[in-house]
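Spelled out, the chains give:
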Amino acid sequence: MEVSSGQTTWIGCLVLFFMCAQACSAPDQGGADAVQDAKDTGLTEGLFAHDSEAELPDQGVPDNTNDSLEKPETSPGQAARIRFKVDDSKNRTYQDKQMVWTGSFKWSAADNTIVPASSWLPSDGPYPPLYDDGPTSQGGHEPDGSVKGDHVFETEVFFKATETTTFEYGVLNEFDGWIWVGPNGQFEVPKGSSDTITAPGLTIPAFGTVDFKVTLDSAALDDSFMPFVPCDVDPGGSCIYLKSSANSWAPVQLLDNGEKGDDQGGDGVYTFVQSLNLGPHDGLLYTGQHAQFVFSFAMAETDPENGLEYKVKGNASKKGVKAYSDHGSPGVFHDEPVVMERDSRGKVFNTTVIIGGGKPWCDVDEDCFSDVVCLDGGCGETTVVSHKWTPVLDGDIGADWDESLLVATNTAVTDWGTGKDELTALYAAYDDTHLYFGIKGGCGADNAIVAYLDRDFGESTGPADMNTLSDDEGELDAAVSSKLVVAAPGFGADFAFGSKGMKSFTEGSDLGSAGQGSGWRDIGDPGDFAWIQGSVVTKTGGNGIEAAIPIATVFPDGIPAQGSNVALVVRLVNADGQYTSNQTLPQDHDAANPWTMTKVAVFAVLPANQPESRRRP
């Protein structure tokens, strides 16, 4: 892939307006069943549709907080200190008092104490706000030991336990949107405790680089939702909204007007694109992220929170639903499987896309939809086999490279010699031991094919300007030290491989005697590349280069639990890397700026147990 850089009014408006997100699971401490079910089914998620054309609500002090709070330095009587924090240091989108710690308790701002409560609606607060203004001893609101301005928001409250008490909790943002990730948090206070108890906090995951698109075909809806009449045609008709864990469950109206990512106006297909509907705390998705979502229908003048959700027998319907992402192909959407996954409470199933492939999370078979069983924390088979493949390294790019492994092509006619100096296709794969690359093409005796590998695309941890590379002691090293500049945001090369004159190197061979003109290089030291083991294989009469490098070399600590996006660019250059042809993979040659590339080929590498080792979001 070439890629570039009502029926629900039985609850009532009050509950629908104030409930937290679908991902919120209610405490088992009483409360009205209608309220409980509203949480479980996602009927009450979020307040604000994060539409870029909408006016954002005031982001000042939430109504359920007290700006004049001065926290006591000592425990009021025989009380326990409860500390809690949210780490937003990855994205840094929140400010003081924009998050509140909500749960099965009610908070008193006067003495900073909590007492058990069976409901945790925002209207049943107040709840303690979170701050990043330093410890109380220095005039702030955070516990001792906190650091002002580190984007870790904290609070400390007191509870006098006359009996051992367990609390559940989560976090709301300034729009009363549920932002807690995973099952409800929980902490226990023993009877009579005066200890300091740290409640498990929330680390908000870093935004990723993957865009996400969802469509709903109004002509293919479940029969129980037909006939469909759009609200822009008949005031009594329905507008369509989407709520998703990717945007804190805030309802966003879907469009069928050819704008904001909608492919064709008036075709009855309603479209949502994540990147075009970002709120102040939203971002793109990361590899391994489970994006749950549900559609809802509401009349034009109706609060979308009061809409009828697109569910059949309590579960989200997949009829007419399609999903896409640009995972592995930035800027180019491709189909993604839509799977059924339990919400965090475990009562209903929501439609879900798992970025990069994987299984719906589960604890027991009942967590899996239909007759699928739960195996090692995941429901059934993996939904996408993401470039998991083992090719044969023989210098021929043939049937051993499935076309699903194709990540880049080039159709530009070479300016250095057709059939001799050209690049036409790039394949990528991995198995449990190696990363593999197949490059269709070739080069003459005095030229070289060089490839630059970024093991963590998006982090910019290595050089993107190869002019900073200065090792020219070996044949391949000189070609690698080229004039290439990769301008794709987030690219930073960690390794390079290639061949001068279609020479080969086989993993395990002596680096000193056989590694001059072909092989792998660690380019961490720009002036002295480390020659490392890995294969670069060609053959007489072959149609390209096949390469392999041990995963243990690329990821010494193992593939990250969330997976990693691996990026690659390939160039055909002369022997010392100072002249370039128009041949690139991906195809990206600008005659006016021949050494600059803005496109990279990306594919996901996932650990063997991902995402089974992770719990539900």
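Anything mentioned here points back to the structure above.
Residues numbered from 1 in each chain as written. Predicted model: local features only at pLDDT ≥ 70, side-chain atom pairs only at ≥ 80, totals over all residues. Heavy atoms only, no water.

Caption draft 1: Spotlight on the pattern of salt bridges. The final tally for this structure, using the stated rule, is 12 salt bridges. The partner of Lys 539 in a salt bridge is Asp 396, and the shortest N-O contact between them spans 2.9 Å. Taken together, the positions of Lys 539 in the loop between β32 (535-537) and β33 (544-550) and Asp 396 in the loop between β23 (378-379) and β24 (406-409) put the pair 143 residues apart, joining distant regions of the chain. Owing to a relative accessible area of 23%, Asp 396 belongs among the partly exposed residues under this scheme. The partner of Asp 494 in a salt bridge is Arg 455, and the shortest N-O contact between them spans 3.9 Å. One end of the pair, Asp 494, is in the loop between β28 (485-486) and β29 (495-500); the other, Arg 455, is in the loop between β27 (447-454) and α3 (475-480), with 39 residues separating them in the sequence. Classification of Asp 494 by relative accessible area gives buried; the value is 10%. One salt-bridge network, held together by shared partners, links Arg 81, Arg 83 and Glu 156. (Salt bridge = Lys/Arg side-chain N within 4 Å of Asp/Glu carboxyl O. Helix = DSSP H or I, 4+ residues; strand = E, 2+ residues; numbered from the N terminus. Buried < 20%, exposed > 50% of the residue type's maximum accessible area, 1.4 Å probe, protein only.)

Caption draft 2: Structural view of a negative patch on the surface. A cluster of acidic residues, Asp 472, Glu 473, Asp 525, Asp 528 and Asp 576, forms a negative patch on the protein surface. Relative to the helices and strands, Asp 472 is located in the loop between β27 and α3. (Patch = residues over 30% accessible without salt bridge, like charges linked within 9 Å, V, L, I, M, F, W, Y side chains within 5 Å. Areas by Shrake-Rupley, 256 points an atom, 1.4 Å probe, with all protein chains shown as cover. Lys, Arg positive; Asp, Glu negative; His and termini not counted. Charge placed at Lys NZ, Arg CZ, Asp CG, Glu CD.)

Caption draft 3: How the structure looks around the side chain of His 327. Counting through the fold element by element, His 327 comes out in the loop between β18 (321-325) and β19 (334-336). What makes His 327 buried here is its relative accessible area of 8%. A polar atom in the side chain of His 327 sits 3.1 Å from the side chain of Thr 287. (Polar contact = N/O pair within 3.5 Å; in protein donor to acceptor, adjacent residues only side chain to side chain.)

Caption draft 4: Fine view of the sheet that holds strand β7 (residues 185-189). Spatial ordering of the open sheet is given by β2-β6-β7, a layout of 3 strands whose pairing is antiparallel. Only two strands of the sheet have a single neighbouring strand rather than two, namely β2 (99-103) and β7. The average undirected angle you get between the axes of adjacent strands in this sheet is 35°. Across 5 bridges, the pairing between β2 and strand β6 (residues 165-173) is antiparallel. The partner of Trp 101 across the bridge, within β6, is Val 171. (Pairing = 2+ DSSP bridges. Axes fitted to C-alpha atoms, helices over the stretch in contact; angles between N-to-C directions.)

Caption draft 5: Main features of the packing of aromatic side chains. According to the stated counting rule, one finds 26 aromatic pairs in the structure shown. Seen from their ring centres, Phe 105 and Tyr 127 are 5.9 Å apart, and the 75° between their planes marks the pair as edge-to-face. In this pair, Phe 105 is assigned in strand β3 (residues 105-108) and Tyr 127 in the loop between β4 (113-116) and β5 (152-159), connecting sequence segments 22 residues apart. Within the aromatic cluster, the residues linked to one another by ring pairs are Phe 84, Trp 101, Phe 105, Tyr 127, Phe 159, Phe 167, Tyr 169, Trp 180 and Phe 187. Across the ring face of Tyr 324, the terminal group of Lys 213 is positioned such that the distance to the ring centre comes to 5.3 Å. The positively charged end of Arg 521 is found above the aromatic ring belonging to Trp 531, 4.0 Å away from the centroid. (Phe/Tyr/Trp six-rings, centres within 6.5 Å; stacked < 30°, edge-to-face > 60°. Lys NZ or Arg CZ within 6 Å of the ring centre and 35° of its normal.)

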